[in-house]
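# Commentary on secondary and tertiary structure
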Amino acid sequence: MAASKTRKKTSTKRKSFKVRRRRESKSKRRERANEIVARLHHEYPDADCELSYSTPWELLVATILSAQSTDVRVNMETPALFARYPTIESMAEAPQEDMEEMVRRTGFYRNKARAVREAAAAIVQNFGGEMPANMDDLLTLRGVARKTANVVLGTAFGIASGVTVDTHVNRLSNRLDLSRQKAPEKIEQDLMDLLPPEEWIFAGHSIIWHGRRVCDARKPACDRCTLSDLCPSSTAP
């Protein structure tokens, strides 16, 4: 009889990056936050939304589709979608099954397809087919929370309604000790309190860029981070 073999179990749990805090007054934190944004202006002067779009409606659709997906993947799928349904009205009348098939590769495609169709229908019914350009109206649309509304208002309309808080902004705000909150709405409020309104749009875009390019979720490149001396979590020497 063959001898039985036992396999040693190995843990698959990944170590998380350690977030550190610093003791400072509110005025010092505000000063540091503004210096962070000033450096990001220098590092990413052209920071902007990386979703492809030609109208505010297309940006809204792309932002809805980007949830739990990547901008790269969404940008691969939306050209065919917008070619097939080029207007808000046509999107509102799109069959659910066809919409699901067209957005399938962005993930969670059933919910996303329904959200896009119902948002389009609501715009046609409640806003005369014109994209609303204010926070309150956008939040009435299915699939739209403050993050999506901030992206559309800031990027498509140039309206500083708040700071876009996605997974990157959430992560960096905590690592930089600009917020100790977990809920996106509370993180956004902390950032709005630290930064002047004229920086809200850029701050969201540039922090996202920095999160994608330098401050990785698992292995942040602290050694080449322009914010390392301002970041209490930095491991740079």
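These figures come from a predicted structure and were not determined experimentally.

All right, on to the overall build of the protein chain then. Within the protein chain one finds eleven helices and zero strands. Going from N to C terminus, the protein chain has its helices and strands arranged as α-α-α-α-α-α-α-α-α-α-α. Along the three orthogonal principal directions, the C-alpha set of the protein chain runs to about 75 × 55 × 25 Å. Burial status across the protein chain gives 46% buried among its 237 residues. Within the protein chain, counting contacts between residues at least 6 apart in sequence, those at least 24 apart form 63% of the total. Taken as two groups, the 39 positive and 31 negative side-chain charges of the protein chain have centres that lie 15 Å from each other.

What follows is about the packing of helix H9 (residues 167–175) against helix H11 (residues 200–213). It is the contact of H9 with H11, at a shortest axis distance of 8 Å, that shows an interaxial angle of 85 degrees. By the angle between their axes, H9 is roughly perpendicular relative to H11. Along the contact surface, H9 presents His-168, Val-169, Arg-171 and Leu-172, while H11 presents Gly-204, Ile-207, Ile-208, His-210, Gly-211 and Arg-212.

Here we come to H11. The end-to-end C-alpha distance of H11 is 20 Å, a good match for the 20 Å that 14 residues give at a rise of 1.5 Å each. Counting buried positions along H11 yields eleven of 14 residues, so the element is predominantly enclosed. Turning to H11, its buried residues number three or more, namely Trp-200, Phe-202, Ala-203, Gly-204, His-205, Ser-206, Ile-207, Ile-208, Trp-209, His-210 and Gly-211. At its buried positions, H11 is contacted by helix H1 (26–43), helix H8 (146–156), H9 and helix H10 (184–194).

What follows covers H10. Along H10, the positions that sit buried rather than exposed are Ile-187, Glu-188, Leu-191, Met-192 and Leu-194. Looking straight down H10, one finds its buried side chains confined to an arc of 160 degrees; they lie on one side. Check the buried side of H10 and you find it contacts H1, H8, H9 and H11.

The biggest cluster of nonpolar side chains holds 36 residues, and the ones touching the most others in it are Trp-57, Leu-60, Leu-81 and Met-91. The biggest single contributor to this core is helix H6 (residues 109–127), with eight residues. Once residues lying within four places of it in the same chain are set aside, the contact partners of Met-91 are Trp-57, Val-61, Leu-81, Phe-82, Tyr-85, Met-99, Val-116, Arg-117 and Ala-120. Within the second largest apolar cluster, 30 residues are counted, among which are Ala-47, Leu-178, Ile-187 and Trp-209.

Attention shifts here to the state of the cysteines. One pass over the full model with this rule turns up zero disulfides. Cys-231 carries a free sulfur, and the closest cysteine sulfur to it, the one in Cys-222, is 6.4 Å from it. According to the relative accessible area criterion, Cys-231 is buried, its value standing at 16%.

All right, on to the pattern of salt bridges then. Counted under the stated rule, the structure contains 17 salt bridges. Residue Glu-24 is joined to Arg-32 by a salt bridge in which the shortest nitrogen-to-oxygen separation is 2.5 Å. In this structure, Arg-39 and Asp-229 form a salt bridge, with 2.5 Å as the shortest nitrogen-oxygen distance. In this pair, Arg-39 sits in helix H1 while Asp-229 sits in the segment after H11, placing the two residues 190 residues apart along the sequence. Where salt bridges share partners, they join Glu-50, Asp-71, Arg-212 and Arg-213 into one cluster.

It is worth spelling out the environment of Phe-202 at this point. Among the structural elements, Phe-202 can be located in helix H11. Counting along the chain gives 117 residues from Phe-202 to Tyr-85, while the straight-line C-alpha distance between them is 31 Å. Setting aside residues up to four positions removed in sequence, Phe-202 forms contacts with Val-37, Leu-40, His-41, Tyr-44 and Ala-47.

Attention shifts here to the packing of aromatic side chains. In total, this model carries one aromatic pair according to the counting rule given. Centroid distance Tyr-44 to Trp-209: 6.0 Å. Interplanar angle 70 degrees. Geometry classified as edge-to-face. Of this pair, Tyr-44 sits in the loop between H1 and helix H2 (56–65) while Trp-209 sits in helix H11, and the two are 165 residues apart along the sequence. A single burial state applies to Tyr-44 and to Trp-209, both of which are buried. Directly above the aromatic system of Tyr-109 lies the positively charged group of Arg-104, at a separation of 4.2 Å from the ring centroid. Between Arg-213 and the ring centre of Trp-209, over which it is positioned, the NZ or CZ distance is 4.1 Å.

Thresholds applied
- Residues numbered from 1 in each chain as written.
- Predicted model: local features only at pLDDT ≥ 70, side-chain atom pairs only at ≥ 80, totals over all residues.
- Heavy atoms only, no water.
- Helix = DSSP H or I, 4+ residues; strand = E, 2+ residues; numbered from the N terminus.
- Buried < 20%, exposed > 50% of the residue type's maximum accessible area, 1.4 Å probe, protein only.
- Contact = heavy atoms within 4.5 Å.
- Lys, Arg positive; Asp, Glu negative; His and termini not counted.
- Charge placed at Lys NZ, Arg CZ, Asp CG, Glu CD.
- Axes fitted to C-alpha atoms, helices over the stretch in contact; angles between N-to-C directions.
- Parallel < 35°, antiparallel > 145°, perpendicular 65-115°, else oblique.
- Expected span 1.5 Å × (residues − 1).
- Arc of directions from axis to C-beta.
- Core = buried A, V, L, I, M, F, W, Y, C linked by side-chain atoms within 4.5 Å.
- Disulfide = S-S within 2.5 Å.
- Salt bridge = Lys/Arg side-chain N within 4 Å of Asp/Glu carboxyl O.
- Phe/Tyr/Trp six-rings, centres within 6.5 Å; stacked < 30°, edge-to-face > 60°.
- Lys NZ or Arg CZ within 6 Å of the ring centre and 35° of its normal.

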